[in-house]
Every structure is written in structure tokens, then in C-alpha cells.
Amino acid sequence: MIRHWIRYACSLVCAMNLLAPIDAIAQTDEPAAGVGWDLARMRAGNISHLRYELDLSIPATLAQPVTGTNVLRFRLADRTQPLVIDFDTESAAEAVVTANGVGVRTHVVNGHLLIPARLLRRGENTVRIRFRAGDAPLNRSEDLLYTWFVPANARRALPCFDQPDLKGRWTVTLEHPAQWQSVANGAERDRLKTGDRVRVRFQSTQPLPTYVVAFVVGDMQVETAERAGRKMRMFHRENDAARLARNREALFDLHAQSLEALERYTGIAYPFGKFDFVLIPAFQPGAMEHAGNIAYKAETLLLEESATQPERLSRASVIAHETAHMWFGNLVTMRWFDDVWTKEVFANFIADKVIVPQFPEVRHDLQFFLAHYGNAYAVDRSVGTNPIRQPLDNLGDAGSLYGAIVYDKSPVVMRQLEALLGEAAFRDGVRGYLQRHAFGNATWDELIAALAGHTKLDLKQWSRMWVDEPGRPVVRTQMEIVDGRVQRLSLQQHDPQGKNRLWPQQLRVTLGCGPQPRRIVIELTGRETELTHALDGCVPDFVLAGGDGWGYGEFELDARSQAYLLDNLHAIGDPLDRGVAWSALWDTMLAGRMAPSRWYGMAVLNLREEQDPQLVGEWLYDLNVVWWRFLTPERRIEHAPHLEALLRRRLDAATELGLKSTWFAALRNVATTAETVAWLQALWQREAAIPGLPLVETDETALAFALAVRGVAGAQELLDLQQARITNPDRRARFEFVRGAAAPEAAMRERWFEALADPANRRREVWVLDGLRLLNHPLRAQSSAPWVPKALDMLLEVHRTGALFFDAAWVDETLGGYSSPQVAAMVEHFVDRLPPDYPPRLRAKVLQSADLLMRAARVTDR
Ligand SMILES: [Zn+2]
């Protein structure tokens, strides 16, 4: 896409006669929109010793623009070409530019400022740009501004070289209302107060890629603490003192533990000097690894007293993940975003190691299985799946690379790689790679080269299958029993796409032979592997090819194993193998080889018994999906009294607060009987209580929405009352926005949805997603389905205007409540009629999001 050239006939700037004329620049040399691969390569080869001096003035009101100056200092190896600076804002043409002291007529092409070659020098150069900042990546609200520049959005706010392999040292000055706080990547150097304004200067940073440059300014409080001689600060906006007090020490501790573990693992001291973190309400991602000032979604870190074990684990995990990025991503950065997964895989993989000593009571191999496999399989079983590494021509499209394959399949693959090399050799290879590329950039191939010195295996070939190919193998168990004896037991590998691909991997097959299942380790390299010899006369009750949560694939059960597991899964002693068996049955149901009602019977049977809190949390999530999307309304009416009684019983019997909260949330989510809905209403009205589980504001908000969606009488007043109950201004504003999507009247909900056509109403992305989830709740499917095509039509614009992850989440929340053939047909119709120039990865996201819908719509035997 080439944006139209705009020549400004006369801004103030043109009147100044010291301006140099624009050099003739051939149209063919114009840089394309975004940041193209060719431009990035050319600049990376030419520019070095990059420093920025950014000076921004942040006004007290939203109506005023953020303005400032950015001084870019750098060395050029060659000065024959015009210099291309990225600056993609509406007001870019009004920027005032001087190059090496000479005024330059502002020349904007496709979101870039062009500096004539004639004004450049070989060696040291200075370009000074006075500008008005673009608002989108600044996330401004009345009393808060926070930047989120990943993957290449710094250029939408300020002029810079927005590519990961041009690292610069940033010296930032922020001028803002004196009553506000501010934090940037560098430590605060000094501050000067003048009237009601303050000018804060920050120390120069280490070389940073633009995507981790960040600052936050606004009405915040600051908590400080010291751990192991390191001072840390936490910036936040929480006004609930108890909530803050409950979490404060844990947050500092978790960061300190993560830092210590990372320093030990990498052998490299924390590289970025000071250490702060910022809690941002309704922050779009879970967190972002800004160097020296990590940003988090406040809701993920400030837990309730009744937080579940999965919530505590996920909080520790996100902190370890972001901390790991200080080394993996920030210290050593991918050269280009096609390798973005390398920083994400290390962050997740190392985070999994870091949290082990923090939760001694948890089975971490089970945690690894539950945290990654379900998410990765959900994408890899869809027709829209993608490989871990994807080619990328332009950083403007980098946002569409992210997803469960990058975050969840790649740790599974990395664990295999570690097993192939051995833990110590793997760690040594990683250390060497970090040392060699510190404060620089590296590719995946350079990491493989660093690791190849530690093994005789052909890592390139291995990497090609697991990293560059999409999908997963089907591994089918074949067991032939004649006269009560196993004649033959084998595993057969198939390529579901019929391309004859083979995925080499180690499996730890579990054989249900007696009370202590037997484990055999095999290398699955060919099409078929025979296991008969390993049986030793045993006729196994079941065979789990993915045993021990180790292998990756669709593990097709043989008939005997399937029949046994449906009735006896709970009898397996090892919780990890119970999780693996459950996952295999889930795949069986989704593949259409088992009726959802049969799966449901198995699930209820096991949820009656299961004591492992990790499995309970995961299984209740799957149960909720099947309940709403794979069972018919008639089946739900038939099963509801029994299911609700079971969940209520387990809620009452649970002694641990987090488990109680898990069972209660499950009951609230599936509740349909008049009796249970009335009880939920009494709880919300504070006329009833759950012994041992105090309900707090966030519980009451969730209850209010659950009741509204169930169409209880007086829902509008109920929502009014709930809004009045919320005392935190950020949470109240969010509720006020979202409630329209849960309104009792369809016309009101339609107005809420229609308003999203205006990009201004989509700016609070987390709020929009909350609303879409309520709007498209299965109980509202009838009235909301007609809006699905419009939401799909809006996707391209949402993709263009929204931040990272928003497009995928938009389509997830749009389709997440449906299961009917009619809505499936709407999606098919949409996909079939996409124009050839529709972004292919966006199309793939639709297919990924629609996978459960398509499977549910195909089910004839429920
Ligand atoms: Zn990350």
C-alpha cells in the first residue's frame, strides 16, 4: 500500500529562507509504508553509534497535543543515499527538521521523513526534529499516558529508526504537570519544578531497540522496596489499600527471585541499571518487557485474597517471563521480527524454570503441560495454523506473527531441544550466545550454530521440521489382541496435511499395566515404531503415547484404551498422565470420533473425584466449552440440575480459598436453573453468603454481568447498582463502558456494538473485548448472531487501527460464543469472499478463531 504524497504548500517552515531545497529523489527510491526489510537492511549497514535525546512536553489535558524534540545522533558509513527516518503520524509534515545545523524542508513519504544526502556527512551526524507526537501508541487518557511501542509503533508517536537491530541510547526528558509521576527506561537524574509543571530528566540508557523504549506519566502512586541491595519501585493507581497491602511484598519478592534466578542461569548481571515496574489498569497485553520499567496489566498482579492456584502461578510466571526478557530480547535482540519467537520462547521456557522453587507444592511438569499444550493444540489443529518461524517483509505486519504457536508451541519445542542436548550443555550454549551478542542482535540460526557445538545431532534438520513447518503429527496407537494376548502394539505417525512429513521426537509411552503404569521411552523417527517387545506379557488397559506430558501431536487412542479411559481415567495414579488422557479424549471428541455427550459424561465422572487443583482448573474450563458449545439446549436442560448440584457440592467441600473460588466461578459460568440463578442473585444482593468465600467487588461485577446475561428481572437497575458499588475510578469507567453489551434490551446492545464502528470507541481495547464476550455469550447467540458478519467485516480496520493482539482477540471474542451451522456458514462465506490482497495472516487468524465453531457446527450426534 502506497499512501498518497502530500506536499504542504506553506507551513510556517517554508517561510524560513535558510531552508535547503528538496533534493530530487527518484519516485522509485521512495521508501514503502511501514518499515520494509530492504530499508531496514540498508540502514543497519549504514548507521551506527546511535543516540537519541528525546524531550517531550505532556499537557494536563487530553485536548492539547504532546509536543517535543528528538535529536538523533549517529554515524554514517555512507552518505550517497537520502536518510530515511520513520515518523508515521498525521502531523508529520508539520515537523521542523534540521540536519547538521541546516534547516531541511520537511519531506514526508509514506510515513517517513527524508533527509537529503547532500546534508549528510560520512561519520558523525545530528538530525534535530521538533514535532507533535502521534497519540495512538501513547495510550492517553485524562490523567495517564503510557507508551506501548512493540512491534514497530514508536514511529507512530515520534521520529526514530524503528527497527530492532538499530539499538540506540536514549536520554529522555519529560515535562508534565507537577502533581503527576513519571517513569522511563533510565533512572531519574534530576527534576526542576516551575509553577505547576515539572521537568524530569532521566539518565541515558544502555543501547535499546525502539520496541522496549517506554515511559509512563500520570496520576500514580509509587511504592519502593529493597531486595538483596537492589532498590525497586512499583508505580500503580490502586486506591484499595487492602488489595495493595495484600500484594505489595509478594510483587517485590517475585521480581527479586526472578532477577536472582536469571542472573544465576545466564551468568550475566542484570544489564539495565535501575529496576522499576508499572501496573497499568486494563493494559492491552498481560505485560511488556520495557527495559528497566516493565509494564503489567494491574489486574494480573493485584490478586484477590481468593486467588486460585492457577492465578498465583500465572502471576509468578508473567513476572518471570518479563524479567527473563531483560536478557532474552532486551540484551540480545532478534535482528528482525521473523525471529520474535526466539525472545518469547526463552522468556516462557526460562520462566517455567524460575517459578519451580517459588511453588514447591506444585507439579511443574504438569504445570508445563497445562500451560502450553492446550493453547498450542488449539491453533495447531486448526486449518489456519502457522509455523513457529514465519517470514516477514515489513515490520508494519509484525503484529500478526504473535499467537499461541509462538508463546506455547515453542516452549515445548525448546524443551525437546534441551533434552536432546542435555541441560548443562544447553545452558552453556545459551550463555555463550548471550555473551557473544550482548547489547546486539542475533538470529535463530545463530543460536542453533551456538548450540550445534554442543551436540552431534543435525539441529538444522530438526529445526526445519519443528520450527519452520506448521501443524502436528497424528500418532496413532494400534493394538491387536488375539485370545487375550497382544499380538502387536505399534505407533504410526501420519501427516494430517497428507504431505508425508515426519516429526522426529522422543516419546515416553505410558502402558496401563497393573497398579503402577509402565513407562517406555522411544525415539519416534520413522513412520511406524513397534512396541510389542516392551510389553513383557502385559495386556495394557490403556496406552498413552503422549505419556508423561512429553510428546507433541494428536495422539489417537486405540479402541481398548479409549473405552477404558472413558470410565476409569480417575483411577490413573499420576496426575500428569490423567491430564494427558483427558487431552487425548478431548482431541477425540473434537475430531468427531466421540459424541460430546459421551465426553461430558466422562468429564462429570472425573470432576466428582479430582483433587488436583491444577487439573480441576483446566478441566472446568473445557467443561464450560462443551457445556455451551457442544451440547444442545435440550441436553443442558436435562443435565443442569445434576451438574449444578455437583459443582455446589464441591464448592461446599473445598477447604482452600482458591479452590472454593474455582468451583464457584465454574458454577456461576454454567448456571441456568431458576434455583441457582436465584441463589446467585441473592449472593449479589448480599442476602446470601458462601461460607468461607467472601465475595469482593470483582466477584460482584462478574455476578452482575452473569445475571444480566441470564435476563433476570430488573437487570438494568442491577447494573446501575453495581456501577455505584465500584469505588475505583478505573474499574468504574470500565464497567460503565462494558455494561451496554450486557443490557437487557437487544436494541441497546446493538447500539453498543454499532458504536464500535468509530475507532475512538475502540481505543480502550480491553474494555471492548470484555463487551464483545458478553455480547456474544451463548445465551445471547440468537439476538447477536446477525452482527457477526459486520464484526468480521470490521476486522481489517481493527487490524489497521488497533494495537498488537487486538485483531486476533476481536475475532476470538466475536466467535467464542457460537456453535450453530448458521454462524459457521457466515464465517465460511466471509472467508470465501475475501479479496486476494487481504492479509493472509489475518485470514488465518479467522480460521484459527473459528476452529471450535466449525467443529461444533459439524457435530450431528450430540
Ligand atoms: Zn514476552
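A short tour of the structure in this document, coming up. (Residues numbered from 1 in each chain as written. Predicted model: local features only at pLDDT ≥ 70, side-chain atom pairs only at ≥ 80, totals over all residues. Heavy atoms only, no water.)

**Concerning the overall build of the protein**
Right, so step 1: For the protein, the count of helices and strands is 29 helices and 29 strands.
Right, so step 2: Taken over the C-alpha trace, the protein has a radius of gyration of 28 Å; the compact-globule value for 862 residues is 29 Å, and the two agree within 12%.
Right, so step 3: When the backbone C-alpha atoms are referred to their principal axes, the protein occupies close to 100 × 70 × 60 Å.
Right, so step 4: A burial count over the protein gives 60% of its 862 residues as buried.
Right, so step 5: For the protein, contacts bridging at least 24 residues in sequence account for 71% of all contacts bridging at least 6.
Right, so step 6: Per element, the accessible surface of the protein, about 33,700 Å² overall, is 51% carbon and sulfur. (Helix = DSSP H or I, 4+ residues; strand = E, 2+ residues; numbered from the N terminus. Rg over C-alpha atoms; globule rule 2.2 N^0.38 Å. Buried < 20%, exposed > 50% of the residue type's maximum accessible area, 1.4 Å probe, protein only. Contact = heavy atoms within 4.5 Å. Areas by Shrake-Rupley, 256 points an atom, 1.4 Å probe, with all protein chains shown as cover.)

**A short note on the coordination of the zinc ion**
Right, so step 1: With distances of 2.0 to 2.1 Å, the protein atoms coordinating the zinc ion are H321 (NE2), H325 (NE2) and E344 (OE).
Right, so step 2: As a motif over one chain, the donors of the zinc ion read H-x3-H-x18-E. You can see H325 sitting in helix α4 (residues 309–325) and its partner E344 sitting in helix α5 (residues 340–354), a full 19 residues away along the chain. For the pair shown, H325 and E344 are each scored as buried. (Donors = N, O, S within 2.8 Å, 3.2 Å for Na, K, Ca; no water.)

**A word on the pairing of strand β16 (residues 221–227)**
Right, so step 1: By the bridge criterion, 7 bridges tie β16 to strand β17 (residues 230–236) in an arrangement that is antiparallel. Directly across from A225, in β17, lies its bridge partner M232.
Right, so step 2: Hairpin connection from β16 to β17: 2 residues lie between these consecutive antiparallel strands, with A228 at a positive phi of about 50°. (Pairing = 2+ DSSP bridges.)

**So, the sheet that holds strand β28 (residues 543–544)**
Right, so step 1: Pairing is antiparallel in the open sheet, where 3 strands are placed in the order β26-β25-β28. Whereas interior strands pair on both sides, the edge strands pair on one side only; in this sheet they are β26 (518–524) and β28.
Right, so step 2: Sheet topology note: the strand β25 (residues 505–511)/β28 ladder contains 2 bridges and is antiparallel. Residue pairing in the sheet places L511 in a bridge with V543 of β28.

**Quick word on the packing of helix α27 (residues 821–832) against helix α28 (residues 840–849)**
Right, so step 1: For the pair α27 and α28, interaxial distance at closest approach is 11 Å and the crossing angle is 165°. By the angle between their directions, the pair α27 and α28 is classed as roughly antiparallel. Between α27 and α28 lies a crossing of left-handed hand. Contact residues: V827, F830 and V831 in α27; R843, V846 and L847 in α28. (Axes fitted to C-alpha atoms, helices over the stretch in contact; angles between N-to-C directions. Parallel < 35°, antiparallel > 145°, perpendicular 65-115°, else oblique. Left-handed = near helix turned anticlockwise from the far one by under 90°.)

**Structural notes on unusual backbone geometry**
Right, so step 1: Following V150, the chain continues to P151 via a peptide bond in cis, the omega torsion being -5°.
Right, so step 2: Inspection of the secondary structure puts P151 in the loop between β10 (144–146) and β11 (168–177).
Right, so step 3: You will see that N139, though not glycine, has its phi angle at about 45°, which is positive.
Right, so step 4: As for its position among the elements, N139 is in the loop between β8 (123–132) and β9 (140–141).
Right, so step 5: With relative accessibility at 15%, the residue N139 sits in the buried group.

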